[in-house]
Amino acid sequence: MPSTNTMPHAREPADWSAAGLLYHRLNFFYHKKFGEKVWKLSLDAGCNCPNRDGTLATLGCIFCDPESFSPSRRLRNPSITEQVQQGIRRLKRRYAARRFVAYFQPGTNTYGPIERLRSVYQEALSHPDVVGLAVGTRPDCVGEDALDLLGELAGRTWVVVEYGLQTIHDRTLDLLNRGHHYDAFLDACQRTRRRNLDIGVHVILGLPGESRDDIRATARELATLEIHSVKLHNLYAVRNTVLAEQVAAGRVQLPEFQQYVEYAVDFLEELPGQVVIERLCGDAHRPT
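Okay, so let's go over this structure. Since the structure is predicted, the reported quantities are computational estimates derived from the model, not experimental observations.

## Some words on the pattern of salt bridges
One pass over the full model with this rule turns up 22 salt bridges. Of the charged contacts in the structure, one is a salt bridge between Asp266 and Arg212, with a shortest N-O distance of 2.7 Å. Taken together, the positions of Asp266 in helix H11 (residues 257-270) and Arg212 in helix H9 (residues 212-222) put the pair 54 residues apart, joining distant regions of the chain. Given a relative accessible area of 4%, Asp266 falls into the buried group. Judged by its relative accessible area of 39%, Arg212 falls in the partly exposed class. Via salt bridges that share partners, Arg212, Arg216, Arg220, Glu262, Asp266, Glu269 and Glu270 belong to a single interconnected network.

## Here's the deal with the packing of aromatic side chains
Evaluation of the coordinates by the stated rule reveals 9 aromatic pairs. Here Tyr30 and Phe34 contribute two aromatic rings whose centre-to-centre distance is 6.1 Å and whose plane-to-plane angle is 55°, an arrangement assigned as tilted. In this pair, Tyr30 and Phe34 are both assigned in helix H2 (residues 26-34), 4 residues apart and thus about one turn of the helix distant. Overall, Phe34 belongs to the partly exposed group, its relative accessible area being 22%. Aromatic side chains Trp39 and Tyr95 sit 3.9 Å apart centroid to centroid with 15° between the ring planes, which places their arrangement in the stacked category. With Trp39 in strand S1 (residues 38-43) and Tyr95 in helix H4 (residues 80-95), the pair connects residues that are 56 residues apart, well separated along the chain.

## Observations concerning the sheet that holds strand S4 (residues 158-166)
Adjacent strands of a sheet form backbone hydrogen bonds with each other and so pair up, either parallel or antiparallel. Within the open sheet, the 7 strands sit side by side as S1-S2-S3-S4-S5-S6-S7. Their pairing is parallel. Each of the sheet's edge strands pairs with one partner strand only, and the pair in question is S1 and strand S7 (276-279). Averaged over all adjacent pairs, the angle separating strand axes in this sheet is 25°, with direction ignored. On top of the sheet, helix H6 (residues 144-153) reaches strand S3 (130-137) and S4; it is set at about 140° to S4, its chief contact.

## Some points on the environment of Asp213
The residue Asp213 is located in helix H9 in this model. Residues Asp213 and Ala146, 67 residues apart in the sequence, show an inter-C-alpha distance of 35 Å.

## Some words on H2
Leu26, Phe29 and Tyr30 are the residues of H2 that are buried. Across the axial projection of H2, the buried residues extend over an arc of 100°, all falling on one side. Where H2 is buried, its residues contact S1, strand S2 (99-104), S4 and S7. Gly35 sits one or two positions beyond H2 and adopts a positive phi of about 80°.

## Focus: the nonpolar core
The biggest cluster of nonpolar side chains holds 54 residues, and the ones touching the most others in it are Tyr121, Leu133, Leu222 and Phe267. The greatest single-element share of this core, amounting to 5 residues, is contributed by helix H5 (residues 114-125). Leu26, Tyr30, Tyr103 and Val160 belong to the second-largest nonpolar core, a separate cluster that totals 10 residues.

## Quick notes on a positive patch on the surface
A surface patch of positive charge is lined by Arg89, Arg90, Arg93 and Arg94. Here Arg90 lies in helix H4. With a relative accessible area of 42%, Arg90 lands in the partly exposed category.

## A word on the packing of H4 against H5
As a packed pair, H4 and H5 sit with axes 9 Å apart at the nearest point and diverge in direction by 30°. The orientation of H4 relative to H5 falls into the category roughly parallel. Of the two possible hands of crossing, H4 and H5 adopt the one that is right-handed. Across the interface between the two elements, Ile80, Thr81 and Val84 of H4 pack against Val120, Glu123 and Ala124 of H5. Grouping the constituent residues of the contact of H4 with H5 by class yields 4 nonpolar, 1 polar and 1 charged.

## Description of the side chain of Glu278
Along the chain, Glu278 turns up in strand S7. Reaching out from Glu278, the side chain makes a polar contact with the side chain of Lys40 at a distance of 2.6 Å. Looking at Glu278, its side chain comes within polar contact range of the side chain of Ser229, at 3.4 Å.

Basis of the calculations
- Residues numbered from 1 in each chain as written.
- Predicted model: local features only at pLDDT ≥ 70, side-chain atom pairs only at ≥ 80, totals over all residues.
- Heavy atoms only, no water.
- Salt bridge = Lys/Arg side-chain N within 4 Å of Asp/Glu carboxyl O.
- Helix = DSSP H or I, 4+ residues; strand = E, 2+ residues; numbered from the N terminus.
- Buried < 20%, exposed > 50% of the residue type's maximum accessible area, 1.4 Å probe, protein only.
- Phe/Tyr/Trp six-rings, centres within 6.5 Å; stacked < 30°, edge-to-face > 60°.
- Pairing = 2+ DSSP bridges.
- Axes fitted to C-alpha atoms, helices over the stretch in contact; angles between N-to-C directions.
- Contact = heavy atoms within 4.5 Å.
- Arc of directions from axis to C-beta.
- Core = buried A, V, L, I, M, F, W, Y, C linked by side-chain atoms within 4.5 Å.
- Patch = residues over 30% accessible without salt bridge, like charges linked within 9 Å, V, L, I, M, F, W, Y side chains within 5 Å.
- Areas by Shrake-Rupley, 256 points an atom, 1.4 Å probe, with all protein chains shown as cover.
- Lys, Arg positive; Asp, Glu negative; His and termini not counted.
- Charge placed at Lys NZ, Arg CZ, Asp CG, Glu CD.
- Parallel < 35°, antiparallel > 145°, perpendicular 65-115°, else oblique.
- Left-handed = near helix turned anticlockwise from the far one by under 90°.
- Nonpolar A, V, L, I, M, F, W, Y, C, P; charged D, E, K, R; others polar.
- Polar contact = N/O pair within 3.5 Å; in protein donor to acceptor, adjacent residues only side chain to side chain.

Next comes the structure, spelled out in structure tokens:
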């Protein structure tokens with residue numbers, strides 16, 4: 001169930017607005033925090049997911065195909081150090097970035113032996129150009145030991161924990177085969193805030209059966225939770241997923257461009273101005 005905290009958020013003038021931006025963009029936040037151009041560097045620690053390894057399920061969420069979302073899963077996975085070095089060379093050439101946030105993206109990156117997690121986090125942070133750590137995970141897979149470790153690392157670098165929520169509505173989470181309900185997210189947020197860690201949230205707009213009112217409800221709820229950032233995804237279907245089969249059979253309709261724009265605007269209008277918007281939409285990598 002949604003939280004009972006319904007205090008409205010203030011709409012005070014924001015520095016990003018004074019800079020001529022329409023929303024609080026991630027690169028604006030990075031430049032303000034670090035004083036220079038910073039870019040997210042995606043890393044693959046090889047972590048599995050309880051929704052695929054048999055702990056909760058084996059098929060995963062209906063929209064998930066790890067290889068399409070993370071090309072690294074189709075290739076030999078180099079060490080964290082090699083990934084950092086290769087990624088920094090590529091991002092410096094492409095974006096002229098100077099510093100980087102190590103982003104553990106594929107899989108569930110608080111799921112595994114704590115000493116292994118410590119090793120991969122510290123290996124990424126050992127590069128002198130890495131100035132922060134972002135850890136993507138599920139709200140039902142963040143134990144006290146993992147949060148303690150992240151809280152410890154936050155004593156020497158900036159850390160954000162990114163939770164894949166997708167929606168606050170339990171009926172939709174069940175339809176997606178997420179394996180958890182919204183109360184798991186609320187619990188994870190409460191325990192994460194106790195370590196003074198920033199919280200990022202991933203949300204999918206245009207989910208089956210959800211109306212514009214449902215989307216606004218998710219945004220209004222997040223507005224009460226003191227989150228740091230939001231990453232928006234449009235619903236799309238990649239090959240070899242249950243969702244793709246449902247779309248092909250006509251049981252699910254993906255949002256059209258203009259419809260998704262309306263969803264995104266609805267969502268952004270409900271958020272406090274200090275929430276950082278990491279992404280407005282996404283797509284899958286093309287097959288190789």
